[in-house]
Amino acid sequence: MRHLYRSYRSFWAQNQVRLLNVPKRFDSTATSSEKIVIPKRIHRSPTDILYALSATVGNDPTAAHYKYHDDPFLIPQSNQAKRSFALAQEAGRNAARWIKQEHSKLFQHKHADPPIPAYVPTMVYTEDSEVNESSLEQLITNSQVSDAILVYNLMVKRNLSISSELRQSFLELICFNNHEDSLSEDLYEERWFSRSFTTKERQRKTWKDNDLAESVFNEIEPKSSQAYCAIIRGMCKFIQVERGYALFQDALQRDLQIDVATFNSVINVISFLREGGHNRWQLVLELLQTMVSRKVKPNIGTMNAVLSVISTVHGTVAREYALQTLAEFKELGIAPTLETWYFVLSIFYRERSPISHVLFDIMKEIEGKEFEIQGMKDMSFFVAAMNVCQNELNDKDLAKRVDNLLHVGHNYDLIGGSLSETVYYRQYFTVLCNNEPLDVFMETYNALVPNIYIPEPIIMTKILTQVDINGALELIPRLWSDIVIFELLNQEKILDLVLKIMVDNKPSNDIPAQANLSSNFADIAWQIFNRIEEQSERQRNPVTWSGKMISDVLTLACRAEDSVKAQKIFDKINKDQDVISGIADPAALELFIKLSVSKKQPSKAIAALQYCVENSFSNNQERGRYIVNAMTLDGNHISKITSLVGTEVLKGNE
């Protein structure tokens, strides 16, 4: 609400002078012939004033979502933390509702007058409850499926009369919900995080055979067209296609009036009824001809259902069918929706299909427009369009046009669920990272991360690769901070890449932006070392040391001339050789030897030399000679060196 309050203050500050100096509408000079015209009332929703105030300041992409606490230390900074935070809040609300429902006698105070039904505990029905038609009608109106089934069975058991209209409403309720209570609209967080998986679940048969819906349908005599339409649509929705289509044919033979929604439901499941693209297209044409003969006017759902079937047809012939369908429905004055364009994209952009630029034509048609949801696939368009921009066309300008459309009006409501949003931004970041200059890409990164999107490991890897290619070493501390916050420290590939960039690109003190990077790089390497050493044995997919990784850590510590940290890292290399996969890099050990010599620590330099000898590195005599020549050694040190590499290292000192 903070930004709404600021919006209100801004609105008042800009308009108070104008509001306080409104001229009087009536004065003594007004003629008696003037008429007062009262404009027609414009219906406003309860939140319209809030939207109007918010529009005065616009959206702030750097602000966290309103669902999180207004405290930077409590705002979640990873995908898993965001999901856990939101669902935990909703779980708390559910617990409060349950307590209020189970112990309703303890909450007798009135919340509002007149009472708000949502605040009142729902009626609990048992086998002993007194029920009637009004009880059943109320439950149907509120979509309380399980309670409605209980009340209906009680009324049948007690031989209570049920009107034909109420029985039809009950049949529609259980058919469209498959005898199950739907998720409450109040549980928006659970919907947000589960919405992305509902489509996959509906691709298999979930209709409950021989259950109450079929019993109620069989009890209706004579069979009405509404009853047929209800059960056919229910069976098609939950993929009981054979029996649903059989009932559809039965209704046609009885010459019953089938509505357009039922025709659309049957067309939607043609891919389950027929094998082969030609057979499916022929059945589509038959059903459309049946609609014409029965004077059933098609709607946007019909066009989208036909395109849905065409999207399952293989080969370039599907494009011809799609263009023909769009042309025919355009003649009928039916305008496409985002669901329509989603199916067009799925038809024209397929694996191993010819390149198409139909998305450019679609964007010319819909750019700058605001859309409302009319079908479930409306929420799949933006993800599909961005996938085309990234995978098929690799066009950053087109990707930006799609993103601009997403932010027109309330179009962002059509992004889909949490998974769809993540996939969309993953593709958007990929196409920008691959095609834009790094500094331009980082502007988008700074605007969207972390409040809108948190990069996944694959995206962070792409960004680090671009940093390596462009030599933008000054970005490493910022990106490393994000890696820590986003909980990506268990990604071994990312840690390897960060170390590789810091080792391969030595900072230059002549460049102001890189003046203090050596110490920063050493700190990052030390954090990596400690994080790997402190990880729990129970941790899932723990990071294991490789010779290359720990050599990079040692190299960075030596470059920063931090002998204490370098010694601890070398001790790990020397003592845990059986734990580390591979051996250390000779170049890193030479840096450690030079650092030990500069710090006048011969024992450490000799220990590193011994490691080189034990692992049969080349040029060990040169390393030994360097130690002998660079420092004043006692007899024990000289004896140790000669035992490792021979007495020839002493010839230079004779």
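Everything numeric here is computed off the predicted structure, so don't read it as measured data.

Caption draft 1: Layout of helix 18 (residues 358-366). Among the residues making up helix 18, those that are buried are Val358, Leu359, Ile362, Met363 and Ile366. Angular distribution of buried residues about the axis of helix 18 spans 140°; they occupy a single face of the element. Buried positions along helix 18 lie against helix 17 (338-348), helix 19 (381-393) and helix 20 (396-406). Gly368 lies just past helix 18 and shows a positive phi near 85°.

Caption draft 2: Local environment of unusual backbone geometry. Put simply, Glu221 and Pro222 share a cis peptide bond, and its omega is -10°. Tracing the chain through its elements places Pro222 in the loop between helix 9 (212-219) and helix 10 (225-237). For the peptide bond that leads from Val449 to Pro450, omega is 5°, which places it in the cis range. Checked against the element boundaries, Pro450 lands in the loop between helix 22 (438-448) and helix 23 (457-470). A positive phi angle, near 70°, is found at His179, a position not held by glycine. Here His179 shows up in the loop between helix 6 (164-177) and helix 7 (188-194). The residue Arg352 is not glycine, and still its phi comes out positive at about 60°.

Caption draft 3: Representation of the confidence of the model for the protein within the structure. Overall, the predicted model of the protein reaches an average pLDDT of 87, with 92% of residues at or above 70. Counted against residues more than four places away or in other chains, residues 1-9, with its pLDDT under 50, gives 11 contacts. Low pLDDT (under 50) marks residues 16-30, which in the prediction has 2 contacts with non-local residues, meaning those over four places away or in another chain.

Caption draft 4: Representation of the packing of aromatic side chains. A complete count under the given rule lists 19 aromatic pairs for this structure. Between the aromatic rings of Phe441 and Tyr445, the centroid separation amounts to 6.4 Å while the plane-to-plane angle is 50°, which identifies the pairing as tilted. Note that Phe441 and Tyr445 are positioned in helix 22 at a spacing of 4 residues, about one turn of the helix. Accessibility expressed as a relative area gives 1% for Phe441, which makes it buried. An aromatic cluster of three or more residues is present, and its members are Tyr424, Tyr425, Tyr428, Phe429, Phe441, Tyr445 and Tyr453. Seen from the ring of Phe217, Lys223 lies directly overhead, with NZ or CZ sitting 5.3 Å from the centre.

Caption draft 5: Structural view of the environment of His109. Structurally, His109 is set in the loop between helix 3 (79-102) and helix 4 (133-141). Along the sequence, His109 and Ser308 sit 199 residues apart, while their C-alpha atoms lie 53 Å from each other.

Caption draft 6: Geometry of a nonpolar patch on the surface. On the surface, a cluster of nonpolar side chains totalling about 440 Å² of accessible area is made up of Trp98, Ile99, Leu106 and Phe107. Secondary-structure assignment places Trp98 in helix 3.

Caption draft 7: A look at helix 10. Here helix 10 contains 13 residues, and its C-alpha end-to-end distance of 18 Å stays within 8% of the 18 Å for a straight helix at 1.5 Å per residue. Within helix 10, 10 of the 13 residues are buried, leaving the element largely enclosed by the surrounding structure. What helix 10 keeps buried is the set Ser225, Ala227, Tyr228, Cys229, Ala230, Ile231, Ile232, Gly234, Met235 and Cys236. Of the surrounding secondary structure, the elements contacted by the buried residues of helix 10 are helix 6, helix 9, helix 11 (241-253) and helix 12 (260-268).

Caption draft 8: Focus on the packing of helix 21 (residues 418-435) against helix 23. As a packed pair, helix 21 and helix 23 sit with axes 10 Å apart at the nearest point and diverge in direction by 15°. As summarised for this structure, helix 21 and helix 23 are arranged roughly parallel, according to the angle between their axes. Considering the relative orientation of helix 21 and helix 23, their crossing is left-handed. For the pair helix 21 and helix 23, contact is made by Arg426, Phe429, Thr430 and Cys433 and by Ile458, Ile459, Lys462, Ile463 and Gln466, respectively.

Caption draft 9: The arrangement of the packing of helix 30 (residues 602-614) against helix 31 (residues 620-630) in detail. Where helix 30 contacts helix 31, the two axes come as close as 10 Å, and the packing angle between them is 170°. Between helix 30 and helix 31, the crossing angle belongs to the class labelled roughly antiparallel. Across from Ala605, Ile606, Leu609, Cys612 and Val613 in helix 30, the residues of helix 31 making contact are Asn620, Arg623, Gly624 and Ile627. Residue composition of the contact of helix 30 with helix 31, grouped by class: 6 nonpolar, 2 polar and 1 charged.

Definitions and limits used
- Residues numbered from 1 in each chain as written.
- Predicted model: local features only at pLDDT ≥ 70, side-chain atom pairs only at ≥ 80, totals over all residues.
- Heavy atoms only, no water.
- Buried < 20%, exposed > 50% of the residue type's maximum accessible area, 1.4 Å probe, protein only.
- Helix = DSSP H or I, 4+ residues; strand = E, 2+ residues; numbered from the N terminus.
- Arc of directions from axis to C-beta.
- Contact = heavy atoms within 4.5 Å.
- pLDDT = per-residue confidence, 0-100.
- Phe/Tyr/Trp six-rings, centres within 6.5 Å; stacked < 30°, edge-to-face > 60°.
- Lys NZ or Arg CZ within 6 Å of the ring centre and 35° of its normal.
- Patch = residues over 30% accessible without salt bridge, like charges linked within 9 Å, V, L, I, M, F, W, Y side chains within 5 Å.
- Areas by Shrake-Rupley, 256 points an atom, 1.4 Å probe, with all protein chains shown as cover.
- Salt bridge = Lys/Arg side-chain N within 4 Å of Asp/Glu carboxyl O.
- Expected span 1.5 Å × (residues − 1).
- Axes fitted to C-alpha atoms, helices over the stretch in contact; angles between N-to-C directions.
- Parallel < 35°, antiparallel > 145°, perpendicular 65-115°, else oblique.
- Left-handed = near helix turned anticlockwise from the far one by under 90°.
- Nonpolar A, V, L, I, M, F, W, Y, C, P; charged D, E, K, R; others polar.

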